Amino acid sequence: MSHIPATLFDKVWDSHVVRKIEDGPDVLFIDRHFIHEVTSPVAFLGLEQRNLKVMFPEKTFATADHNTPTINQHLPVQDPLSANQLKALEVNAAKYGISHWGLGNPKNGIVHVVGPENGITLPGMTIVCGDSHTSTHGAFGAIAFGIGTSEVEMVLSSQCIMQPKPKKMRIKVDGRLGKGITPKDVVLFIISKLTAAGATGYFVEFAGEVFENMSMEGRMTVCNMSIEMGARGGMIAPDETTFNYIKGRDKAPKGADWDKDLAYWKTLKTEEGAVFDLEHHFDAADIEPMITYGTNPGMGMGITQHIPLAQAAGGSKTSYEKSLDYMGFHEDEPMLGKKVDYVFIGSCTNGRIEDFRAFASIIKDRKKADHVTAWIVPGSHIVEQQIREEGILDILTAAGFQLRQPGCSACLAMNDDKIPAGKYAVSTSNRNFEGRQGPGARTMLASPLVAAAAAVTGVVTDPRTLMVD
Amino acid sequence: MAYDKFTVLKSTAVPMPIENVDTDQIIPARFLKATERKGFGDNLFRDWRYNADNTPKKDFVLNNSIYTGKILVGGKNFGSGSSREHAAWAIYDYGFRCVVSSFFADIFKNNSLNIGILPVQVSPAFLDNIFRAIEADPHTELEVSLPDQTITILATGERESFEINSYKKHNLMNGYDDIDYLQSMKEDIRSFAAKSIY
């Protein structure tokens, strides 16, 4: 029988199937399981009620991030409910022998930042977490996706979950990105073309020159937002960029193990002639700095464009109008020049060192606009340390900005970092849903460059106008 | 956690003809701070349902006593966004046992099936028919039969089939869950793990 060319996704998925159930899901073995304080406590409670143990505690890693404060982390957490969840994570991790990087631990940070930066995330793995942005880890050529709390309990108790195999989609972007166009713009562009439900039911492979030339930080930003087009996850074939990033990290394989794993990782690519259920192709030249104008991540546009008319946007007119009404925007008006009250840079989407370098490149030798409140939140303590070491903190301070401590922060506003009702925020996070950043908050998603341009001008600004050649 | 078995559900329905209802609307993040699964129904659709001063918003469907029932009917791409199972818990805790839409987000669908809510995906045309029937008569009943995999608008007799794999169907009809299944195959998992390179 001749060999059927396989996709990267097939290779990783099929090698993790413990059992196939006829007219049912696959039982999928999970190599790495990340947990945090919000979606794990009920799963641990379930284990107790059923009198079950954690089957492989060494394959689960805990970090506190979702509701941690981003100032004064050395003090007790003020909100009793948040403190209770943080305590529950600590107690559960200790009880079951799970590694735990809690508040104050030098390894602490956002789960999707600390996993990769410590070499826990590796190519060819299956990775899950009770958080939809687990898709981030797909940047390493892993199958990584978000799960619910019942599934967290499954992984804790059996190291497996039961999943129907998704369909396969490939999204190719070829050509070269222009000046000021970042990975965030690439993914917001793709989502604006596919819509917020355009990849539901699919697992996406990102391919083509743009991703081949992208850093690991950039690839993580792209895969992070796969879920925002409905995809189960997104992945990129590992290459030299991937291997160079992993090598030498704390928990990455060393010596002979490295050589053995590396040989395997090099086989993880889609073969010539492999078939996808759906393919999309875009040209890098069509992408400009992006910004969202509505209340789902598919409602994005080039920053120099006008807000689309309802009929051009597709979908129901009522839902579209409800969305613009919430934002206080109108069809066919420009986004450039709109007043900005808050700027947030951080999150699992754009909370890595490269993002702060980009932000600093714009604010250097400029001043924060007086009326703008800016929250600058590193994704981890390691990122925070890099910000200090590279002199970025000095640039921030000189421009009138303050650096906060790591956490999910205003991305989902579970802690005190809430945008007030009616206020406008340019945010480097991943969701512009109604109330996502606080009840009544109005979110415009964008890249770190667009966020920086808004922070110094106080209005929506094309960052290219502030860049030197 | 045990859930009610699902076989045939005959009920009035609550219409929500809005697209892209995301899980942040179903249950905002600030209500995810519990360490136990209870009381989430009180905060279902919190910011659409209540004003900032906690008074009910009169124009929201859950505050309109004409609309009741165990079936929630939503617009396209229902349950998008966050993986929080709390969204499904809130819907279940409020009293819904079935959500009907023309399109569901993946994680929400999985979470629902795992806790005993039946997500019924119908064609866009059939969804419109349901909305129209409820608009014409808020007391109109729908019948969802899991054994037959059909949904019927009883007033008009219009009926459509829906898909569900036989494994999940069996689970829902008997109140089983995946954890029971996985516990029964521990030896297979152990030998699989022994061969894993990670």
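Further up the page is the structure itself.
Predicted model only: the values in this text are computed from it and were never measured. (Residues numbered from 1 in each chain as written. Chains lettered and ligands numbered in written order. Predicted model: local features only at pLDDT ≥ 70, side-chain atom pairs only at ≥ 80, totals over all residues. Heavy atoms only, no water.)

Colleague: Provide a residue-level description of the overall build of chain A, including the pertinent values.
Modeller: Each helix and strand counted, chain A has 17 helices and 18 strands in total. Its C-alpha atoms give chain A a radius of gyration of 21 Å, within 12% of the compact-globule value 23 Å for 469 residues. C-alpha atoms of chain A, sized along the principal axes, occupy 60 × 55 × 45 Å. Relative to its 469 residues, chain A shows a buried fraction of 66%. About 16,000 Å² of surface is accessible on chain A, with carbon and sulfur atoms providing 51% of the total. The centroid of the 46 positive side-chain charges in chain A is displaced by 2 Å from the centroid of its 55 negative side-chain charges. (Helix = DSSP H or I, 4+ residues; strand = E, 2+ residues; numbered from the N terminus. Rg over C-alpha atoms; globule rule 2.2 N^0.38 Å. Buried < 20%, exposed > 50% of the residue type's maximum accessible area, 1.4 Å probe, protein only. Areas by Shrake-Rupley, 256 points an atom, 1.4 Å probe, with all protein chains shown as cover. Lys, Arg positive; Asp, Glu negative; His and termini not counted. Charge placed at Lys NZ, Arg CZ, Asp CG, Glu CD.)

Colleague: Could you give me a rundown of the overall build of chain B, with the residues and numbers involved?
Modeller: For chain B, the helix and strand inventory stands at eight helices and seven strands. A globule of 198 residues ought to have a C-alpha radius of gyration of about 16 Å, and chain B, at 18 Å, matches this closely. Referenced to the eigenvectors of the C-alpha coordinate spread, the extents of chain B come out at roughly 60 × 45 × 25 Å. Across the 198 residues of chain B, 58% fall into the buried class. Pairs at least 24 residues apart make up 65% of the contacts formed inside chain B by residues separated by at least 6 positions. (Contact = heavy atoms within 4.5 Å.)

Colleague: Describe helix 6 (residues 183-194) of chain A, with residues and values.
Modeller: A turn of α-helix holds 3.6 residues, and therefore any two residues three or four places apart point the same way. Residue and element names in this part refer to chain A. Look at helix 6: 17 Å from first C-alpha to last across 12 residues, which is about the 16 Å you get at 1.5 Å a residue. In terms of burial, helix 6 is largely enclosed, as 10 of its 12 residues are buried. Looking only at helix 6, the buried set comprises Pro-183, Lys-184, Asp-185, Val-186, Val-187, Leu-188, Phe-189, Ile-190, Ile-191 and Leu-194. A positive backbone phi angle near 80° is found at Thr-195, which sits one or two residues after helix 6. (Expected span 1.5 Å × (residues − 1).)

Colleague: Before we move on, could you go through the environment of B:Arg97 and cite the residues and values that matter?
Modeller: Residue and element names in this part refer to chain B. Tracing the backbone through its elements, the reader meets Arg-97 in the loop between helix 3 (86-94) and strand 3 (98-101). The buried category is assigned to Arg-97, whose relative accessible area is 16%. Residues within four places of Arg-97 in sequence aside, it is in contact with Asp-4, Phe-6, Leu-9, Lys-70, Tyr-92, Gly-116, Ile-117 and Leu-118.

Colleague: Describe the sheet that holds strand 2 (residues 26-29) of chain A, with residues and values.
Modeller: Residue and element names in this part refer to chain A. Within the open sheet, the three strands sit side by side as 1-2-8. Their pairing is antiparallel. For this open sheet the edge positions go to strand 1 (17-20) and strand 8 (160-163), each flanked by a neighbour on one side alone. The sheet shows a mean angle of 20° between the axes of neighbouring strands, taken without regard to direction. One ladder, built from three bridges, connects strand 1 with strand 2; its direction is antiparallel. The residue of strand 2 that forms the bridge with Val-17 is Leu-28. (Pairing = 2+ DSSP bridges. Axes fitted to C-alpha atoms, helices over the stretch in contact; angles between N-to-C directions.)

Colleague: Describe in detail helix 14 (residues 353-363) of chain A, supporting the description with residues and values.
Modeller: For helix 14 of chain A, the buried fraction is high: eight of the 11 residues fall into the buried class. Directly after helix 14 of chain A, the chain includes A:Asp365, whose backbone phi takes a positive value near 65°.

Colleague: If you had to explain the packing of aromatic side chains to someone new, which residues and values would you point to?
Modeller: Considering all chains together, one arrives at 24 aromatic pairs over all chains under this definition. Between A:Phe9 and A:Phe203, the ring centres sit 4.8 Å apart and the planes meet at 25°, which makes this aromatic pair stacked. Of the two residues, A:Phe9 sits in helix 1 (residues 8-14) while A:Phe203 sits in strand 10 (residues 202-207), which places them 194 residues apart along the sequence. Accessibility classification places A:Phe9 together with A:Phe203 in one group, the buried group. The structure contains a cluster of three or more aromatic residues connected by ring pairs, namely A:Phe9, A:Trp13 and A:Phe203. Over the ring of B:Tyr92 we find B:Arg37; its NZ or CZ atom is 5.7 Å from the centre of that ring. Sitting above the plane of the B:Tyr92 ring, B:Arg97 keeps its charged end 3.7 Å from the centroid. (Phe/Tyr/Trp six-rings, centres within 6.5 Å; stacked < 30°, edge-to-face > 60°. Lys NZ or Arg CZ within 6 Å of the ring centre and 35° of its normal.)

Colleague: How would you sum up the nonpolar core? Please name residues and give values.
Modeller: A:Phe359 and B:Phe45 are the most contacted members of the largest nonpolar core, which totals 112 residues. No other element matches the eight residues that helix 17 (residues 448-457) of chain A contributes to this core. (Core = buried A, V, L, I, M, F, W, Y, C linked by side-chain atoms within 4.5 Å.)

Colleague: How would you summarise the sheet that holds strand 4 (residues 118-121) of chain B if you had to cite specific residues and measurements?
Modeller: Residue and element names in this part refer to chain B. Taken in spatial order, the seven strands make up an open sheet running 4-3-2-1-5-6-7, and their pairing is mixed. Edge strands, defined here as strands with exactly one partner in the open sheet, are strand 4 and strand 7 (158-161). Here the average twist between neighbouring strands, direction ignored, is 25°. Bridging between strand 6 (residues 150-153) and strand 7 involves four bridges; their strand directions are antiparallel. When the sheet's bridge partners are listed, Thr-152 is paired in strand 7 with Arg-159.

Colleague: Let's hear about the interface of chain B and chain A: which residues, and what values?
Modeller: The interface is formed by 54 residues belonging to chain B together with 74 residues belonging to chain A. Of the roughly 5,300 Å² buried between chain B and chain A, counting both surfaces, carbon and sulfur atoms make up 59%. The interface formed by chain B and chain A contains five salt bridges. Two residues, B:Asp188 and A:Arg19, come together in a salt bridge whose shortest N-O distance is 2.9 Å. Counting across the interface, chain B meets chain A through 30 residue pairs in polar contact (both at pLDDT 80 or more). Mapped onto the side of chain B that touches chain A, the elements with two or more residues apiece are helix 1 (23-26), helix 2 (46-49), helix 3, helix 4 (106-115), helix 6 (166-174), helix 7 (178-183) and helix 8 (186-194) of chain B. (Buried area = accessible area lost by both parts, 1.4 Å probe. Salt bridge = Lys/Arg side-chain N within 4 Å of Asp/Glu carboxyl O. Polar contact = N/O pair within 3.5 Å; in protein donor to acceptor, adjacent residues only side chain to side chain.)

Colleague: For the side chain of B:Ser101, give the residues involved together with the corresponding values.
Modeller: All names here are of chain B. Tracing the chain through its elements places Ser-101 in strand 3. Under the relative-accessibility criterion, Ser-101 is labelled buried at 0%. At 3.5 Å, the side chain of Ser-101 forms a polar contact with the backbone oxygen of Gly-74. Separated by 2.8 Å, the side chain of Ser-101 and the backbone oxygen of Gly-75 make a polar contact. Not counting the four nearest positions on each side in its chain, Ser-101 is found in contact with Gly-74, Gly-75, Lys-76, Asn-77, Phe-78, Val-120, Gln-121, Val-122 and Leu-127.

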